[in-house]
Amino acid sequence: GQQVQQSPASLVLQEGENAELQCNFSSTATRLQWFYQHPGGRLVSLFYNPSGTKHTGRLTSTTVTNERRSSLHISSSQTTDSGTYFCAIDTGYQNFYFGKGTSLTVIP
Amino acid sequence: NAGVIQTPRHKVTGKGQEATLWCEPISGHSAVFWYRQTIVQGLEFLTYFRNQAPIDDSGMPKERFSAQMPNQSHSTLKIQSTQPQDSAVYLCASSLDSRNTLYFGAGTRLSVL
């Protein structure tokens, strides 16, 4: 099966600190997407980023396709960033496979 | 654009009963996906339609689960003879086509007692 590994599994930050979330995958990804889920909430797309670097606000996603990895950087974390971040890849079969997620808690 | 709409938001069934979950994809989106989310298993792919045709149902438990997309505006996931292990949040997602961003609905939380 497809392997999408996310690290760390959980992370606790003081407000204002930066976070780096990692996603490694075992097959070449034709599509890669980062999602955010607030507890009890819906999955919200953060980035569609199969390659290269993308920015939005305090978030940066960098995908190195030939190294089969992607990262999500959160700068100056806020309590509202708390939740679970998922990485998902499509290896060409047109459906996405998800990692187990990184649970982020930001303490005021 | 109301996004992907799933109904009901919560469903409680007794063991052995049938459950039907509904999904209305974003208008104009040709690809519709069903996933299941649990604490233990995480997000599991179930099935996928493109232009209403079933493309991949490799994630579907074969015996009791079925999915249909009778028209471009809705898809259903039916679980017959529900079991406690079917308890999960069932998520529907759509995308413009099979090469674009996924948009998820809020999910249906199924509880089998």
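Refer to the structure printed above.
So, here is what we can say about the structure in this document.

So, how was this worked out
- Residues numbered from 1 in each chain as written.
- Chains lettered and ligands numbered in written order.
- Predicted model: local features only at pLDDT ≥ 70, side-chain atom pairs only at ≥ 80, totals over all residues.
- Heavy atoms only, no water.
- Helix = DSSP H or I, 4+ residues; strand = E, 2+ residues; numbered from the N terminus.
- Rg over C-alpha atoms; globule rule 2.2 N^0.38 Å.
- Buried < 20%, exposed > 50% of the residue type's maximum accessible area, 1.4 Å probe, protein only.
- Contact = heavy atoms within 4.5 Å.
- Areas by Shrake-Rupley, 256 points an atom, 1.4 Å probe, with all protein chains shown as cover.
- Lys, Arg positive; Asp, Glu negative; His and termini not counted.
- Charge placed at Lys NZ, Arg CZ, Asp CG, Glu CD.
- Disulfide = S-S within 2.5 Å.

1. Looking at the overall build of chain B
- For chain B, the count of helices and strands is zero helices and 11 strands.
- Against the 2.2 N^0.38 benchmark of 13 Å for 113 residues, chain B shows a C-alpha radius of gyration of 13 Å, consistent with a compact globule.
- Within the span of chain B, comprising 113 residues, buried residues form 48% of the whole.
- Partitioning the intrachain contacts of chain B with sequence separation of at least 6 by distance along the chain shows that 54% fall at a separation of at least 24.
- Looking at chain B as shown, the accessible area adds up to about 5500 Å², and 48% of this sits on carbon and sulfur atoms.
- Of note, chain B has its 10 positive side-chain charges centred 4 Å away from the centre of its 8 negative side-chain charges.

2. Some remarks on the state of the cysteines
- This model, assessed by the stated rule, comprises two disulfides over all chains.
- Disulfide partner of A:Cys23: A:Cys87, at an S-S distance of 2.0 Å. The sign of the -65° torsion about the S-S bond sets the A:Cys23-A:Cys87 disulfide as left-handed. With A:Cys23 in strand S3 (residues 19–25) and A:Cys87 in strand S9 (residues 83–90), this residue pair connects regions lying 64 residues apart in the sequence. Accessibility classification places A:Cys23 together with A:Cys87 in one group, the buried group.
- Covalent S-S linkage joins B:Cys23 and B:Cys92, the inter-sulfur distance amounting to 1.9 Å. Disulfide B:Cys23 to B:Cys92: torsion about the S-S bond roughly -65°, handedness left-handed. With B:Cys23 in strand S3 (residues 19–24) and B:Cys92 in strand S9 (residues 88–95), this residue pair connects regions lying 69 residues apart in the sequence.
- We classify B:Cys92 as buried; its relative accessible area is 0%.

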